Amino acid sequence: MDYDLIIIGGGPAGLTAGIYASRARVKTLLIESFSVICQAVTTDHIENYPGFPEGVNGFELIEKFKKQAEKFGTEFIAAEVKEIKETKPGWQIVTEDKTYTASSIIIATGASPKRLDVPGEDKFRGRGVSYCATCDGALFKNKEVVVVGGGDTALEEALFLTRFAKKVTVIHRRNALRGTKILQERSFANKKIEIAWDSVVTEITGSGKVAGVKIKNVKTNAITDFSCDGIFICVGYTPNTGFLKDAVPLDEAGYIISDDNCLTSKAGIFAAGDCRKKLLRQVVTAAGEGATAAFACQRYLENQIS
Ligand code: NAP
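Note that the structure is predicted; figures quoted are calculated from it, not measured.

Caption draft 1: Up close: the state of the cysteines. Throughout the structure, instances matching the rule amount to one disulfide. Disulfide partner of Cys132: Cys135, at an S-S distance of 2.1 Å. For the disulfide bridge between Cys132 and Cys135, the dihedral angle about the S-S bond is near 80 degrees, and by the sign convention the bridge is right-handed. Taking the relative accessible area as the measure of exposure, Cys135 reaches 44% and is therefore partly exposed. Distance from the sulfur of Cys228, which forms no disulfide, to the nearest cysteine sulfur (Cys234) is 13 Å. Considering cysteine sulfurs only, Cys262 is the nearest to Cys275, which forms no disulfide, with 9.6 Å between them. Cys275 gets classed as buried once you look at its relative accessible area, which sits at 0%.

Caption draft 2: Region of interest: empty space enclosed by the protein. Applying the stated criterion across every chain yields a total of one cavity of 30 Å³ or more. Computed from the structure, the largest cavity encloses a volume of approximately 40 Å³. In terms of lining, the largest cavity is formed by Pro113, Lys114, Tyr131, Thr153, Ile233, Cys234, Val235, Gly236 and Tyr237. Partitioned by chemical class, the residues of the lining of the largest cavity number six nonpolar, two polar and one charged.

Caption draft 3: Expanded view of the environment of Ser112. Along the chain, the position of Ser112 falls in strand E7 (residues 111-113). Separated by 75 residues in sequence, Ser112 and Ile37 place their C-alpha atoms 8.0 Å apart. Excluding its chain neighbours within four sequence positions, the residues that come into contact with Ser112 are Val36, Gly236, Tyr237, Thr238 and Asn240. Within the structure, Ser112 has its side chain in polar contact with the side chain of Asn240 (distance 2.8 Å).

Caption draft 4: Layout of the site of the ligand. The environment of the ligand is formed by 18 residues, the closest being Asp152, Thr153, Glu156, Arg174 and Arg178. One of the side-chain N or O atoms of Arg178 is found 2.7 Å from an oxygen atom in the ligand. Gln282 places a polar side-chain atom, nitrogen or oxygen, 3.1 Å from an oxygen atom of the ligand. Contact with the protein chains hides 76% of the accessible area of the ligand, taken as 910 Å² for the molecule alone.

Caption draft 5: The arrangement of the sheet that holds strand E13 (residues 210-217) in detail. Judged by pairing direction, the sheet is antiparallel, and its three strands sit side by side in the order E12-E13-E14 without closing on themselves. In this open sheet, the two strands that pair with only one neighbour each are strand E12 (199-206) and strand E14 (223-227). The average undirected angle you get between the axes of adjacent strands in this sheet is 25 degrees. For E12 and E13, the ladder comprises seven bridges, and the chain directions are antiparallel. What sits directly across from Ser199, in E13, is Asn217.

Caption draft 6: Representation of the sheet that holds strand E10 (residues 167-171) in the model. Taken together, the five strands give an open sheet; going across it, the order is E8-E15-E9-E10-E11, and neighbouring strands pair in parallel fashion. Pairing within the sheet leaves two strands with one partner each, and these edge strands are strand E8 (129-130) and strand E11 (193-196). Two strands pair when backbone bridges link them, and strand E9 (residues 144-148) and strand E15 (residues 230-233) are joined in this way by four bridges, in the parallel orientation. Along E15, the bridge assignment pairs Val148 with Ile233. Packing of helix H4 (residues 152-161) onto the sheet brings it into contact with E9, E10, E11 and E15, and relative to E9 it is tilted by some 170 degrees.

Cut-off values and rules
- Residues numbered from 1 in each chain as written.
- Predicted model: local features only at pLDDT ≥ 70, side-chain atom pairs only at ≥ 80, totals over all residues.
- Heavy atoms only, no water.
- Disulfide = S-S within 2.5 Å.
- Buried < 20%, exposed > 50% of the residue type's maximum accessible area, 1.4 Å probe, protein only.
- 1 Å grid on protein atoms, 1.4 Å probe; cavity = no way out; pocket = protein on both sides within 12 Å on 5 of 7 lines; lining within 4 Å.
- Points joined across faces, edges and corners; volume = space filled by probe spheres on them.
- Nonpolar A, V, L, I, M, F, W, Y, C, P; charged D, E, K, R; others polar.
- Helix = DSSP H or I, 4+ residues; strand = E, 2+ residues; numbered from the N terminus.
- Contact = heavy atoms within 4.5 Å.
- Polar contact = N/O pair within 3.5 Å; in protein donor to acceptor, adjacent residues only side chain to side chain.
- Near = heavy atom within 4 Å.
- Areas by Shrake-Rupley, 256 points an atom, 1.4 Å probe, with all protein chains shown as cover.
- Pairing = 2+ DSSP bridges.
- Axes fitted to C-alpha atoms, helices over the stretch in contact; angles between N-to-C directions.

Below you can see the structure in the form of structure tokens.
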């Protein structure tokens, strides 16, 4: 085997698994994707990760996680994993250039923003359509933007955008927000934020770049043209598990099914972080599961030897 353990994914779950596995002297390779950007990295201000009462920038936090994993000996490569194959014993991890073998795997591939699937979304992507305010917010200085969604991401992005935009309209399909109460309170108190309740975006319009959206009121079915310079789509996430095909059981939404110790039904394959079926998706839970998965994996490897 090339490695005792290969971790797929370089977010908080994968990096914490790297720290724990390498400290246990498990020979570990972490494969980071260059196309999938870790959600924490694109979060400007994380204020619920313990130990940072003033909050912490997501990019800086994840850089620290990575330094810590490197310090203890985790090796890193950037590649896209295409497939996992069982070899008995162990596993093959197939990337576009090379195939690696490992006795065990921790899948920590996270989740990516969902699309809205409306006309104009692809046409204006990067020209007013964005999925990340931290990445693109500064482009909208003194402009009007809309944020679609009513969860934590939508509210955090809307609040962040008020630093730049002159007005932020949150378009939500119901009459109650899903996001955490503290974020709701801040959004209601912010004079730059307005909320369009019971409303959905049916089309993104413009020529060359976004000039507006068509909004449908789901109670009256009335459609209005709304002028704006940008649209931030924050309607949830899809797990990055497509490459697994039938390698491990997934739920109907594509999240990996695993037990309390992060073990899937396949011996030697563990899951951690946002790609895993579970109740709460946070940096702190991803890190906790990374530690659990690495510890359970260490036990698994020891049992293979004895
Ligand atoms: P989410 O909680 O699934 O919320 C998605 C929002 O988008 C919901 O309000 C949903 O409406 C709406 N929505 C879904 N599909 C839609 C569609 N096709 N058209 C219009 N609206 C649609 O997703 P999230 O806000 O990205 O959060 C994901 C996870 O990360 C959650 O567990 C969240 O708590 C966590 N998170 C936490 C923080 C934090 O703690 N600071 C920050 C960001 C994210 P309904 O409400 O009607 O379903």
